[in-house]
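Observations on chain architecture
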Amino acid sequence: MARMEATARPLRIGHLYPDLMNIYGDLGNVIALRNRAAWRNIPVEVVELGEGSWDAREVDIFFIGGGQDLDQSRMYLDLLGKRSQLVSAVTSGAAILAVCGGYQLLGHAYSDAHGKVLEGIGLIDGTTTAGEGRWIGNVVVEAGEALGLGPVPLAGFENHGGNTWLGSGVAPLGRVLVGGGNNGVDGTEGAVQGNVIGTYLHGSFLPRNPRVADWLLAAGLRHRDKAWIGPLADLDDTVELAAQRSAVAIAMAEKGRKAVARA
Ligand code: GLN
């Protein structure tokens, strides 16, 4: 039986640094989360959490997108100032999806192409260093065990010079079938640490990977309700899964793609 929506406050999605960290359609992730809640008659609202003060306590799902090195260097100190708030939110069960530049800053540190070290907030046990090459193109990942989705394909688009190396306290989001993923060497893509997901996949990621969107929504609802009051209602994902299939087919044509030399 589908869950019944109690008269709770709206499910709250916090869009971190929407002005600076938002490239390659990353905003589509927020739209997908909002719509997939609304289609199920779950009251939902999106709050923008930019530079300056805000209160993370009643945010259920955070999203941070990608950005160029310059944008990251402009906002990372502000993000560091929010570290304790975000750690408390995650400890209390809130979820986070972080894409590319945002993913890098959720790790311990990002050493950029100029050798500048941007300290991250450490919610993901990983470290990123700019490499000699740049990964640009379509990606297919086979989901790993961390999300419990089974070995489903995930599709997206990557464009990054940073290579991320995961520590022992985190699981990869999946295994790269096409593309560079975390670093082009160890075959991993992304990271899952508790309710925090990091990935290099832009494009947007959630509209064509709806199972991941629903995983985040379920985590967010558990955080809001302090309980789990039933499974999400099924949605007709015919269009989303067709988009995923065609993204996978397009990416498969790039199998064996290598990094390009850094400009
Ligand atoms: N600036 C980072 C890199 O090139 C992130 C880029 C992005 O978010 N697409 O690694």
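Quick caveat, the model's predicted, so the values are computed rather than measured.

Further remarks concern the packing of helix α1 (residues 27-38) against helix α5 (residues 210-225). Taken N-terminus to C-terminus, the directions of α1 and α5 make an angle of 70°; their axes are 10 Å apart at the nearest point. With respect to α5, the axis of α1 lies roughly perpendicular. Contacts between α1 and α5 involve L33, R36 and A37 on the former and, on the latter, P210, A213, D214, L216 and L217. Broken down by class, the residue content of the contact of α1 with α5 amounts to six nonpolar, no polar and two charged.

Right, let's talk about the side chain of H160 for a bit. Take H160: it is sitting in strand β8 (residues 153-166). With a relative accessible area of 1%, H160 lands in the buried category. Within the structure, the side chain of H160 is placed 2.9 Å from the side chain of E158, a separation counted as a polar contact. A polar contact is formed between the side chain of H160 and the backbone oxygen of G181, at a distance of 3.3 Å. When residues no more than four places from it in sequence are discounted, the contact partners of H160 are C100, Q104, G133, R134, W135, G181, N182 and Y200.

Glancing now at the pairing of strand β2 (residues 44-49). Relative to β2, strand β1 (residues 11-16) runs parallel, the two being bridged by six bridges. Bridging across to β2, L11 finds its partner in V44. The handedness of the β1 to β2 crossover, carried by α1, is right-handed.

Ranked by size, the top nonpolar core spans 66 residues in total, and within it F62 and L206 carry the most contacts. Apart from residues lying up to four places away in sequence, L206 is in contact with N29, A32, L33, L97, V212, A213 and L216. Membership of the second largest hydrophobic core comes to six residues, among which are V140, A155, V178 and A247.

Turning our attention to the layout of surface pockets. In this structure, the largest pocket encloses a volume near 320 Å³. Forming the walls of the largest pocket are 23 residues, and the residues nearest its centre are Q68, D69, R134, H160 and G161. For the lining of the largest pocket, the secondary structure elements donating two or more residues are α2 (69-81), α4 (101-106), β7 (126-143), β8 and β13 (260-261). When its residues are assigned to classes, the lining of the largest pocket shows ten nonpolar, ten polar and three charged. Forming the boundary of the second largest pocket are 13 residues, of which R40, D214, L232, A233 and D234 lie nearest the centre.

Let's shift gears to the pairing of β8. Along β8, ten of the 14 residues are buried, which leaves the element largely enclosed by surrounding structure. In this structure, β7 lies alongside β8, joined through 13 bridges in antiparallel fashion. Each residue of the ladder has a partner; that of W135, found in β8, is H160.

About the criteria used
- Numbering of residues begins from 1 in every chain and follows the order in which that chain's sequence is written.
- The predicted nature of this model means local features are confined to residues of pLDDT at least 70 and side-chain atom pairs, given and counted, to a pLDDT of 80 or more, with totals for whole chains, interfaces and linings taken over all residues.
- Note: side-chain values were computed over all heavy atoms of the structure, leaving out hydrogens and water.
- Whenever a helix is involved, its axis is fitted only over the stretch in contact; in every case the axis is a line through C-alpha atoms, and angles between N-to-C directions fall within 0 to 180 degrees.
- Numbered from the N terminus, helices here are DSSP runs of H or I no shorter than four residues, and strands are runs of E no shorter than two.
- An angle counts as roughly parallel when it lies under 35 degrees, as roughly antiparallel when it exceeds 145, as roughly perpendicular when it falls between 65 and 115, and as oblique in every other case.
- We call two residues in contact whenever any of their non-hydrogen atoms come within 4.5 Å of each other.
- Ten residues, namely Ala, Val, Leu, Ile, Met, Phe, Trp, Tyr, Cys and Pro, are considered nonpolar, four, namely Asp, Glu, Lys and Arg, are considered charged, and the remaining ones, Gly among them, are considered polar.
- Only protein chains enter the accessibility calculation, which uses a 1.4 Å probe; a residue is then buried when its area is under 20% of its type maximum, exposed when over 50%, and partly exposed in between.
- In protein, a polar contact means a hydrogen-donor-capable atom and an acceptor-capable atom, both N or O and within 3.5 Å, with residues adjacent in sequence counting only if both atoms are side-chain atoms; elsewhere, any N or O pair within 3.5 Å suffices.
- A pair of strands is treated as paired once DSSP finds two or more bridges between them.
- Seen with its strands pointing away from the viewer, a crossover is right-handed when the path leading from the first strand over the helix to the second is clockwise.
- Residues belong to a common nonpolar core when they are buried Ala, Val, Leu, Ile, Met, Phe, Trp, Tyr or Cys residues joined through side-chain atoms within 4.5 Å.
- In this analysis a 1.4 Å probe is tested at points of a 1 Å grid over the protein atoms alone, and where it fits but cannot get out there is a cavity; an open set with protein on both sides within 12 Å along at least five of seven lines is a pocket; lining residues have an atom within 4 Å of a point.
- Grid points are joined across faces, edges and corners, and a volume is the space filled by probe spheres set on the points.

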